[in-house]
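Here is what each chain is made of, one letter per residue.
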Amino acid sequence: MSMRTLPLLFLNLGGEMLYILDQRLRAQNIPVDKARKDEWTEVDRKRVLNDIISTMFNRKFMEELFKPQELYSKKALRTVYDRLAHASIMRLNQASMDKLYDLMTMAFKYQILLCPRPKDVLLVTFNHLDAIKGFIQDSPTILHQVDETFRQLTETYGGLSAGEFGLIRQTLLIFFQDLHIRMFNKKGEEIRKIEFKHGGNYVAALREGSFELHGDRVLKLGNNMYSVNRPVETHMSGASKNLASRTQESIAPNPLAKEELNFLARLMGGMEIKKPSGPEPGFRLNLFTTDEEEEQAALTRPEELSYEVINIQAIQDQQRNKELARIMGEFEITEQPRSSASKGDDLLAMMDEL
């Protein structure tokens, strides 16, 4: 398992999340002069994307993310994206969040599988960052945050060998190996599985893309597949486009539970769920075609996907602090005069005298 996989996993899944949200927000756009208070406009779309990208590329958050560490469970990372998706005025219910996460994981798993070379996972990441910068052209401060992350990627991964990138790719595939998209009925029974014939056609290897800040990536994997201007590229023939359903998350006990909570506390310390201020209402985004379809998805949601959301309070609670101060006060040791005859009794005092 590679200790350098987490930043690539987070950034690529985050890029796919932004693609999907941008596409859905554009689909629900209404001219500003005709919009009601609870309807989306182009101004709202840009505001939501700016808020999420700013939170996603927070400097302290990125510093924690780039520290060498093992990947955590799917549920732990899912919690991070739940928090990230609500870092703006936008709100998603549980069914829409499920669908959003399914689409994110499907897309990035597909891209990893099609990478011609292990190192190309870095080009996929750069494609995501290039597209994200297109969302924030009018926000120089956030652009600087993204460019700084690009610098960290180049510094961290630029000198890795092909073998180390192979280990990163293997770690990513292990993370995704239990995520399958199948058709289930309301009882949770598998009723249909969609497959494709690979064909076995030989495809010549692409030339290696540019790893510079501005350059030709050559590889199209990681580009925004929801953009109407995106050229279609695939190395598979006859691949089905109607994959949809639900991610099966592992519900096995996690032996790293304490480490995961510490990890989430560090990562989410800088994430704040924005609440609408004043009379301005919050906006709800529906990732389904209709509200009825969204409600039906919520009713048929498997029980194993339900979980308690753990809120980690980053803001100091004065009442709790007072209680902690009282408890700590009970453990205070009254300083006793030190006897000059027992030089070895107090280790610290002995070290001071050396």
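Residues numbered from 1 in each chain as written. Predicted model: local features only at pLDDT ≥ 70, side-chain atom pairs only at ≥ 80, totals over all residues. Heavy atoms only, no water.

- The name recorded for the protein in an unreviewed UniProt entry is Organic solute carrier partner 1, from Propithecus coquereli.

1. Let's talk about the overall build of the protein
Inference 1: Secondary structure summary: the protein contains twelve helices and four strands in total.
Inference 2: A buried classification covers 40% of the 354 residues belonging to the protein.
Inference 3: Total accessible area on the protein is roughly 20800 Å²; 53% of this is exposed by carbon and sulfur atoms. (Helix = DSSP H or I, 4+ residues; strand = E, 2+ residues; numbered from the N terminus. Buried < 20%, exposed > 50% of the residue type's maximum accessible area, 1.4 Å probe, protein only. Areas by Shrake-Rupley, 256 points an atom, 1.4 Å probe, with all protein chains shown as cover.)

2. Some details on helix α4 (residues 74–85)
Inference 1: Counted at 1.5 Å a residue, the expected span for α4 with its twelve residues is 16 Å, and the 16 Å between its end C-alpha atoms agrees.
Inference 2: Within α4, eleven of the twelve residues are buried, leaving the element largely enclosed by the surrounding structure.
Inference 3: Turning to α4, its buried residues number three or more, namely Lys 74, Ala 76, Leu 77, Arg 78, Thr 79, Val 80, Tyr 81, Asp 82, Arg 83, Leu 84 and Ala 85. (Expected span 1.5 Å × (residues − 1).)

3. Some points on the pattern of salt bridges
Inference 1: Summed over all chains, the structure comprises twelve salt bridges.
Inference 2: With a shortest N-O distance of 2.9 Å, Glu 63 and Arg 59 are connected by a salt bridge. Here Arg 59 and Glu 63 lie together in helix α3 (residues 59–65), a separation of four residues that amounts to about one turn.
Inference 3: A salt bridge links Lys 133 to Asp 147, with the shortest nitrogen-to-oxygen separation between them at 3.0 Å. Of this pair, Lys 133 sits in helix α6 (residues 120–135) while Asp 147 is found in helix α7 (residues 140–157), placing the two residues 14 residues apart along the sequence.
Inference 4: Note on Lys 133: relative accessible area 10%, which makes it buried.
Inference 5: Residue class for Asp 147 comes out partly exposed when judged on its relative accessible area of 28%.
Inference 6: Salt bridges sharing common partners tie together Asp 22, Arg 26, Glu 42 and Arg 45. (Salt bridge = Lys/Arg side-chain N within 4 Å of Asp/Glu carboxyl O.)

4. Re the packing of aromatic side chains
Inference 1: Under the counting rule described, the total for this entry stands at nine aromatic pairs.
Inference 2: When the ring of Tyr 81 is compared with that of Tyr 101, the centres are 6.2 Å apart and the planes differ by 45 degrees; the resulting orientation is tilted. Here Tyr 101 lies in helix α5 (residues 94–114) and Tyr 81 lies in helix α4, a separation of 20 residues in the sequence. Each member of the pair Tyr 81 and Tyr 101 is classed as buried.
Inference 3: Taking the centre distance of 6.2 Å and the plane angle of 75 degrees together, the rings of Phe 126 and Phe 211 count as edge-to-face. On the criterion of sequence distance, the pair formed by Phe 126 in helix α6 and Phe 211 in the loop between β3 (190–192) and α9 (257–268) is long-range, its members being 85 residues apart. Taken as a pair, Phe 126 and Phe 211 share a single burial class, namely buried. (Phe/Tyr/Trp six-rings, centres within 6.5 Å; stacked < 30°, edge-to-face > 60°.)

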